[in-house]
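# Reading the structure
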Amino acid sequence: MKRAMIRLFFSVLALLAALPATAGVVIEHWHTAAGARVQFVASRGLPMLDVQVDFAAGSMFDPAGKSGLAALTRALLDLGAASRDETAIAEELADVGAHLGGGADTDRASVSLRTLSAPEKRAVGLDILRAALAQPRFEASILEREKERTSAALKEAMTRPHSIAGKAFWAALYPEHPYGRQATPESIAALGRDDLTAFHARYYTAANASITLIGDLSRAEAEQIAEQISARLPPGAPQPLPPPPAVGSGGVTAIAHPATQAHILIGLPAIERGHPDFFPLLVGNYTLGGGGFVSRLMKEVRDKRGFAYSVYSYFSPLKQTGPFQIGLQTKRSQAREAIALSREVLARFLAEGPSEEELAAAKANLTGSFPLRLDSNRKILDNVAVIGFYGLPLDYLDRYQERVAAVTAAEVKAAFARHVQPAALRTVTVAAD
Amino acid sequence: MRMRPRLLTALLCPWLIGAALANPFETTLDNGLRIIVKEDRRAPTAVHMVWYRIGSMDEVDGASGVAHVLEHMMFKGTPTVGPGEFNQRVAAAGGRDNAFTSRDYTAYFQQIPKEKLGEMMHLEADRMRHLTVDAKEFAQEIKVVMEERRMRTDDNPEAKLFEQMNAVALQTHPYRRPIIGWMNDLENMSAADAKAWYDTWYVPNNAYVVISGDVDHQEVFALAKTHYGPLAARPLPPRKQQVEPRQEGPRRITVKAPAELPTLIMAYKAPVLRDIEKDSDPYALQMLAAILDGHDAARFNKKLVREEKVALAAGIEYDNTARGPGMLYLHGTPAAGKTVADLEAALRGEIERVRRDGVSAAELKRAKAQLLASEVYKLDSMFGQAMEIGQIESAGLPYRQLGRMLEKLQAVSAADVQAVAGKYFADDALTVGVLDPQPLDGKPRRPAIPTRH
């Protein structure tokens, strides 16, 4: 390319980047004719566009005995769709500097596109995105190849203490619920092309989709893009959820491993998305183990005793009751001591709640750092996609700071008492002496 | 609603372009501390980073890891800020902070609401010259660092392979030592070692500050003068340049660790940019890497993973900027029924194919289009923009030349790419590292199940 053109390119970028942005995130929301939810944030500062389409098609919808189906279906969407094979998809995206991303977790299967927003550039990526969502080929030879790769990755993961602990933790917390089921080499081997096509037909529908757009678009352009995406999808219907998980009886799962460090997870099923106790738990957990370097767990486990490099706690609200979790890694010989200490820190917090000083510090950080949660298109996309997918109120971000500020110490204590019962805590250890 | 200026506006108003190109802005304080400001008004936040030109490559044998240990100790207080209080004050300001140590540099950062910048400068300036290295705090923190080493390296087979391979690929250059340090060196380290490191290297004339965000550069310069200005400069000890002797034959190493799959790394000595104008091979190698591994249908993934199914994954790593010697890594995991030898042959085959047949115009154009698009996406991250400036400076290259580097990359020809494929992949400059997976229970593995391949 010519040097002068690149200079010009840089100059334009520099100009665009220097423009002030408006404060706050204005989410425009509507449904497409086919019934998909849409969230749109106009962000005209940079000549780029992010589109994310989320389906309620995560691993919780894996049929019994077919664990791994949701993830594999998602993985194959962009490995050949409509008129393009996997090579054409990757090459055409690269030719316009676009990327497809996403994946599947317990609740969601996501496909996201990042592209330059110039109409002739974005048209390529959007065409591929639409095809991947609506007309994946699920070619037999590619399915076999990806099954082999997935199976090998699962076998490898089962040698790693971190992965072993994570899988055992979910299995122990959710013995009767799909959240506790894990893909295995055997369950992957049993999957056939028909399973993928059936899963795709049932869950990748307009009724089951949430489309989030942020970037250099007008509302009219965003409407047109969303229409074109959802028009290719079958209308479908919202799919029923499994019965909600129950809180188990607690206990210890100890797994042997030759690692030098023990991996320790302690937790239980706690809350779902949109639960009214979310803000008291968020504010309280900041003091317990969410506040990075300043939490009680960090001070006691890392700073005072040097037991661990990383120690944390968090609530992970999901479509259905998601876990509360404490995690750390420590030299295997001191695992018992570290577990006892962590549980003692938790017990004290449950008994006392945060001090007034701690509560004030938690609120100062959570409200003060709020702008950092939204200072890029990527971060806004992540937040707004969650709002859209889980059906959180559209003013969720606008009211975030005031809801944090309104939390009292008594509410924290009461919310923790409701959701974290010490007797129900499950402790999972890998490589602990 | 605010309108975005059209391309035409930029073309017609050259003075606007001139003003925009001054961004980033820079000043140097009397004590030698450089302040670089990248204004980005998209959100009311800022990133404040202090980069010290001191990393693990400046350590000596027996004291590996001290740069990183000192990074941990930097949070343990000064006469006016108690242990842990640094983090508390950043948190109270609504900020997030951390630090990282590399072979070339040690850097500290805070992401903050923009109005807190002055307070962050106050804290960073304080610990730039007034750190307390308390023996009791050190005794706790060194245990934390050992846990970090266990987590990152000792229990991570790929990291262990990389660490050991590096120690074989390089024989004299300090890059052969791990950044986190050998465990035995950590066991022997004292608070006095950390203090000596700090006293020697933590001075304003060995640092630079990078700020990005919704700030006015003149105001930032004034704040910097207030907070950092009073710190005294001090001469630095001379740094002896250490040149790795020429490798004269291939080297091989095997590491055994609990795992399921073998891993292969092939490390080739490669050049890095020293002169942005005169050097050409580092640009060509970067484009080669993009053609081999820049997207899902790039050569490695297309041929080795998808078509020939010799690998479960295959990739290339090459960073063309560094203070020390450069290295280019080919790496991968063989597919079921294939061996590391099969994979090594296949990786060599792909390099040979470029050397023999060159690359297509379409492949090169694609790699360049991706590069240009990534320049736009980069601007979405305030943190990323500050990182880019900090990193290029750490390698001794001026951030003002980032645009010129992009031009040089865009000017790479297919013949250039073909030439470097023939020049830097000789066996004599190669070190091969193999992870030999071991069963978790220490018992021999069952014989492999026969495969269809």
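First, a word on scope: everything that follows refers to the structure included in this document. (Residues numbered from 1 in each chain as written. Chains lettered and ligands numbered in written order. Predicted model: local features only at pLDDT ≥ 70, side-chain atom pairs only at ≥ 80, totals over all residues. Heavy atoms only, no water.)

## Overview of helix α6 (residues 161-173) of chain A
Residues and elements named next belong to chain A. Helix length check: α6, at 13 residues, gives a terminal C-alpha distance of 18 Å against a target of 18 Å (1.5 Å per residue), a fit within 8%. Those residues of α6 that sit buried are Pro161, Ile164, Ala165, Lys167, Ala168, Phe169, Trp170 and Leu173. Lining the buried residues of α6 we find α5 (140-157), β7 (251-255), β8 (261-271), β10 (322-331) and β11 (426-430). (Helix = DSSP H or I, 4+ residues; strand = E, 2+ residues; numbered from the N terminus. Expected span 1.5 Å × (residues − 1). Buried < 20%, exposed > 50% of the residue type's maximum accessible area, 1.4 Å probe, protein only. Contact = heavy atoms within 4.5 Å.)

## Some words on helix α9 (residues 191-201) of chain B
All names here are of chain B. Buried within α9 we find Ala191, Ala194, Trp197, Tyr198 and Trp201. The buried residues of α9 occupy an angular sector of 125° when projected down its axis, which confines them to one face. Next to the buried residues of α9 lie β3 (45-52), α3 (66-73), α5 (117-129) and α6 (135-154). (Arc of directions from axis to C-beta.)

## Description of empty space enclosed by the protein
Left-over empty space is what a probe sized like a water molecule reveals as it rolls over the atoms. All names here are of chain B. Within the structure shown, the criterion is met by one cavity of 30 Å³ or more. Lining the largest cavity, in full, are Met74, Phe75, Gly77, Thr78, Val81, Gly82, Phe86, Leu123, Asp126 and Arg127. The element best represented in the lining of the largest cavity is α5, accounting for three residues. Residue composition of the lining of the largest cavity, grouped by class: five nonpolar, three polar and two charged. (1 Å grid on protein atoms, 1.4 Å probe; cavity = no way out; pocket = protein on both sides within 12 Å on 5 of 7 lines; lining within 4 Å. Points joined across faces, edges and corners; volume = space filled by probe spheres on them. Nonpolar A, V, L, I, M, F, W, Y, C, P; charged D, E, K, R; others polar.)

## Observations regarding the environment of B:Leu33
Residues and elements named next belong to chain B. The topology assignment puts leucine 33 in the loop between β1 (25-28) and β2 (34-39). Here leucine 33 falls in the buried class, since its relative accessible area comes to 0%. Sequence separation between leucine 33 and leucine 231 is 198 residues, and the spatial gap between their C-alpha atoms is 9.4 Å. When sequence neighbours within four positions are dropped, the list of residues in contact with leucine 33 reads Thr27, Thr28, Met128, Pro204, Ala207, Tyr208, Val209 and Tyr228.

## A closer look at the pattern of salt bridges
The full count for this structure, using the stated rule, is 69 salt bridges over all chains. Where A:Asp50 meets A:Arg378, a salt bridge forms, and the shortest distance between an N and an O atom there is 4.0 Å. With a gap of 328 residues between them, A:Asp50 in strand β3 (residues 48-55) and A:Arg378 in helix α14 (residues 377-390) connect regions that are remote in the sequence. Owing to a relative accessible area of 1%, A:Asp50 belongs among the buried residues under this scheme. Taking the shortest distance from any N to any O, the salt bridge between A:Glu221 and A:Arg122 comes out at 3.3 Å. A residue pair is termed long-range when its members are at least 10 positions apart, and A:Glu221 in helix α9 (residues 219-231) and A:Arg122 in helix α4 (residues 119-134) qualify at 99 residues. On the basis of relative accessibility, which here comes to 24%, the residue A:Glu221 falls in the partly exposed class. Several salt bridges converge on common partners, so that one network encompasses A:Asp50, A:Arg114, A:Arg378, B:Arg42 and B:Asp380. (Salt bridge = Lys/Arg side-chain N within 4 Å of Asp/Glu carboxyl O.)

## Observations regarding the sheet that holds strand β8 (residues 263-270) of chain B
Residues and elements named next belong to chain B. The strand order β7-β11-β8-β10-β9 describes an open sheet built from five strands, whose pairing is mixed. A single partner strand is all that each edge strand has here, and the edge strands are β7 (251-258) and β9 (311-318). Ignoring which end each strand starts from, the neighbouring axes of this sheet average 15° apart. In this sheet, strand β11 (residues 430-438) lies alongside β7 in parallel orientation, the contact comprising eight bridges. Bridge pairing in β11 places arginine 252 opposite valine 432. Of the strands in this sheet, β7, β8, β9, β10 (326-334) and β11 are in contact with helix α13 (residues 340-357), which crosses β8 at around 35°. (Pairing = 2+ DSSP bridges. Axes fitted to C-alpha atoms, helices over the stretch in contact; angles between N-to-C directions.)

## Topic: the pairing of β10(B)
All names here are of chain B. With eight of nine residues buried, β10 is to be regarded as a mostly interior element. In terms of strand pairing, β9 meets β10 through seven bridges, oriented antiparallel. Bridge pairing in β10 places alanine 314 opposite glycine 332.

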